[in-house]
Amino acid sequence: MELFELGCVFFSDDLRVNDNLCLTSAARQCKTLVCVYLEARDYLKQRYGIDEGELRKQFRSQSLSALNTELNSLGQHIDRVIVKSTLEIRSFIDEIKPNVIYRSWEPKQFSDDYWEAITGRYPEIDFQEKLSSTLFDESQLPFEEHQFPTTFSKFRRSVEHLFIQHPTVRPTSLPPPLNRAKTWQKEVKSTSNSLFMGGELEGLRHLDNYFMGQHASSYKQTRNALDGWKNSTKFSIWLSNGCLSARQIFDSLRKYERNTGANESTYWIYFELLWREFFQWYAKIHPMALTKFSGTSNRSPMTFFNPQRFKKWCSANTPFPIVNACMSQLNAEGYMSNRGRQIAASCLVNELSLDWRYGAAYFAQNLIDYDFASNWGNWQYIAGVGADPRGGRHFNLSKQTAIYDPHHKFIKRWQGEKCDQELDATDIVDWPIAHR
Ligand SMILES: Cc1cc2nc3c(=O)[nH]c(=O)nc-3n(C[C@H](O)[C@H](O)[C@H](O)COP(=O)(O)OP(=O)(O)OC[C@H]3O[C@@H](n4cnc5c(N)ncnc54)[C@H](O)[C@@H]3O)c2cc1C
């Protein structure tokens, strides 16, 4: 049933054609279609002065290019890339005059308010926002927004039994593009130094490979390792820009359980996906507090900003070998294990007494799997300003080393011992551009 002459899909962190509700709706409802990629503005560079890492950029550009190839196979293409700013988007809308615009819901980041601005300005356009990053639909949640559970455990107990929709299949065809001749081309940089390759097909291949082996059956015992490709799932890499959806992962997990058997480890993969789910909804409910110094708890930590200390942490040059090894891994691979992230974050807040937001911003600029909700939510948790009933986490670095790297294999691999033994405690200053 075609309803609209011209539709437009705004792609962002949903770079896939499978299980993409915007595309399935556009396929049903539109006569012609324009696909556009909205490129996020680098607020973190503006606000925290940290450059975006090359590996992150590269992964995104590979993913976008792969999406274009998939769209080509459905008779479509990315028409253009637009910076996510109200002005640019308005000028695009004024030029092509779509009747309907689709986008996947995404958490509101920093001063990102283009969606509110355009939905208010063009009453003649049908704006359709689809929820495609979560496991559950909003209508399924057994609580109202103002009753959102204050902790993960309460959240988990109230949702873990809910039905999870099967992922939707890719459309068999899409409405033709407005500009048939126009083909968007992007140069994709070399991938030689990257462990991970962006794109939906790569994500699906990784998902199949992971569940083809037996790793899921021992996930609970291995997930805390600091290193090792199959010790944890690495799904976050392709989840973060939507090359894979959480529902696709859940679907594959259930198939694995049917074929190979369910156990505590397979449940634990679901348990961790629920952590992600918790932070997704948390970000929806607390759109602005997630990046605030005092967090959602409105408690300001007793930390400062000291540029030298921060630089040492970023460049893996603190007096703590385990932390240095984790940071070297992040700098070299664009990835760090969950345990590594907890250790490095706890060190920044507790040993270095630094403002947690700078650590979160550094992760955001360098993690290939950066996800707004999971990153800022986890950082708040560790800094004691978020959804943690225990009020912050201080990891004992010697104990963590003894448990997770008793023979210093990880530290040696990442040269964590080559470090500065002194922390410059002088020169504690507040950073001029951060807003509390
Ligand atoms: C300080 C800090 C910052 C973080 N920043 C991010 C981020 O930017 N992006 C991101 O995806 N995750 C982030 N995490 C969560 C977690 O570290 C990663 O999701 C995980 O390490 C990714 O590796 P994996 O896919 O192998 O995880 P697995 O252990 O295999 O977990 C399976 C999936 O569950 C989800 N998951 C697991 N742990 C968490 C968690 N604590 N919070 C939310 N989701 C979770 C992820 O989607 C993950 O892919 C952060 C954690 C900390 C402590």
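Conventions we followed
Residues numbered from 1 in each chain as written. Predicted model: local features only at pLDDT ≥ 70, side-chain atom pairs only at ≥ 80, totals over all residues. Helix = DSSP H or I, 4+ residues; strand = E, 2+ residues; numbered from the N terminus. Rg over C-alpha atoms; globule rule 2.2 N^0.38 Å. Buried ≥ 20, exposed ≤ 12 C-beta atoms within 10 Å, placed from the backbone. Contact = placed C-beta atoms within 7 Å. Near = placed C-beta within 6 Å. Nonpolar A, V, L, I, M, F, W, Y, C, P; charged D, E, K, R; others polar. Domains from an automatic or database assignment. Core = buried A, V, L, I, M, F, W, Y, C linked by C-beta atoms within 7 Å. Axes fitted to C-alpha atoms, helices over the stretch in contact; angles between N-to-C directions. Parallel < 35°, antiparallel > 145°, perpendicular 65-115°, else oblique. Left-handed = near helix turned anticlockwise from the far one by under 90°. Pairing = 2+ DSSP bridges. pLDDT = per-residue confidence, 0-100.

### What to know about the overall build of the protein chain
- A tally of helices and strands in the protein chain yields 18 helices and five strands.
- Against the globule reference of 22 Å for 436 residues, the protein chain gives a C-alpha radius of gyration of 22 Å, in line with a compact fold.
- Reported as C-alpha extents along the three principal axes, the dimensions of the protein chain are approximately 65 × 55 × 50 Å.
- Expressed as a percentage of its 436 residues, the buried residues of the protein chain come to 42%.
- By sequence separation, contacts in the protein chain at least 24 residues apart represent 82% of the contacts at least 6 residues apart.

### Quick notes on the site of the ligand
- In the neighbourhood of the ligand, 29 residues make up the surrounding shell, with Ser232, Thr233, Ser236, Asn375 and Asn378 lying closest.
- Per element, the largest residue contribution to the shell around the ligand is six residues, and it comes from helix α11 (residues 264–285).
- Residue classes in the shell around the ligand are distributed as twelve nonpolar, ten polar and seven charged.
- When we break the shell around the ligand down by domain, the ones giving at least three residues each are domain 2 (134–164 + 200–285) and domain 3 (307–413).

### Observations concerning the nonpolar core
- Ranked by size, the top nonpolar core spans 100 residues in total, and within it Val9, Phe11, Ala26, Cys326, Ala344 and Leu348 carry the most contacts.
- When near neighbours in sequence (up to four residues on either side) are disregarded, alanine 344 contacts Val323, Cys326, Met327 and Met336.

### Description of the environment of phenylalanine 305
- Along the polypeptide, phenylalanine 305 turns up in the loop between α11 and α12 (307–314).
- By the C-beta count within 10 Å, which is 18 here, phenylalanine 305 ends up partly exposed.
- C-alpha of phenylalanine 305 to C-alpha of histidine 146: the two residues are 159 residues apart in sequence and 34 Å apart in space.

### Describing helix α1 (residues 21–29)
- Looking only at α1, the buried set comprises Cys22, Leu23, Thr24, Ala26 and Ala27.
- Buried residues in α1 make contact with β1 (4–11), β2 (30–39), β4 (100–104) and β5 (126–130).

### Some details on the packing of helix α10 (residues 246–260) against α11
- It is the contact of α10 with α11, at a shortest axis distance of 10 Å, that shows an interaxial angle of 170°. Taken together, the axes of α10 and α11 lie roughly antiparallel to each other. Between α10 and α11 lies a crossing whose hand is left-handed. The residues of α11 that touch α10, namely those facing Ala246, Ile249, Phe250, Leu253, Tyr256 and Glu257, are Thr266, Ile269, Tyr270, Leu273 and Arg276.
- Looking at the contact of α10 with α11 residue by residue, the classes come out as eight nonpolar, one polar and two charged.

### Focus on the domain arrangement of the protein chain
- With domains assigned, the protein chain is organised as domain 1 (4–132), domain 2 (134–164 + 200–285) and domain 3 (307–413).
- Each of domain 1 and domain 2 has a C-alpha centre, and these two points are 25 Å apart.
- Counting residues at the interface gives 15 residues for domain 1, matched by 14 residues for domain 2.

### Structural notes on the sheet that holds β5
- An order of β3-β2-β1-β4-β5 is seen for the five strands of this open sheet, with the pairing classed as parallel. Each having just a single partner strand, β3 (78–83) and β5 make up the two edges of the open sheet. Looking at each pair of strands side by side, their axes are set apart by 25° on average, direction ignored.
- Taken together, the four bridges between β1 and β4 define a ladder with parallel strand orientation. Following the sheet pairing, glycine 7 is matched in β4 by valine 100.
- Of the strands in this sheet, β1, β2 and β3 touch helix α4 (residues 86–96), which is tilted by about 145° from β3.

### Details of the confidence of the model for the protein chain
- Across the protein chain, the average pLDDT comes to 92, with 92% of residues at 70 or higher.
- Contacts for the low-pLDDT stretch residues 425–436, under 50 throughout, to residues beyond four places or in other chains number 14 contacts.

### Re the environment of isoleucine 368
- Here isoleucine 368 shows up in the loop between α15 (356–366) and α16 (372–383).
- Each C-alpha atom, one on isoleucine 368 and one on glycine 198, is 9.6 Å from the other, the two residues being 170 residues apart in sequence.
- Once residues lying within four places of it in the same chain are set aside, the contact partners of isoleucine 368 are Leu55, Arg56, Phe59, Phe196, Ile237, Gly334 and Tyr335.

### Here we look at the environment of phenylalanine 92
- Mapping phenylalanine 92 onto the fold places it in helix α4.
- Its 19 C-beta neighbours within 10 Å are what place phenylalanine 92 among the partly exposed residues.
- Here the alpha-carbon distance between phenylalanine 92 and threonine 303, two residues 211 residues apart in the chain, equals 44 Å.

### So, the packing of α4 against helix α5 (residues 114–121)
- The geometry of α4 relative to α5 is characterised by a closest axis approach of 9 Å and an angle of 35° between their N-to-C directions. Relative to α5, the crossing made by α4 is right-handed. Residues Thr86, Ile89, Arg90 and Ile93 of α4 form the contact with α5, whose participating residues are Tyr114, Ala117, Ile118 and Arg121.
- A per-class count over the contact of α4 with α5 returns five nonpolar, one polar and two charged.

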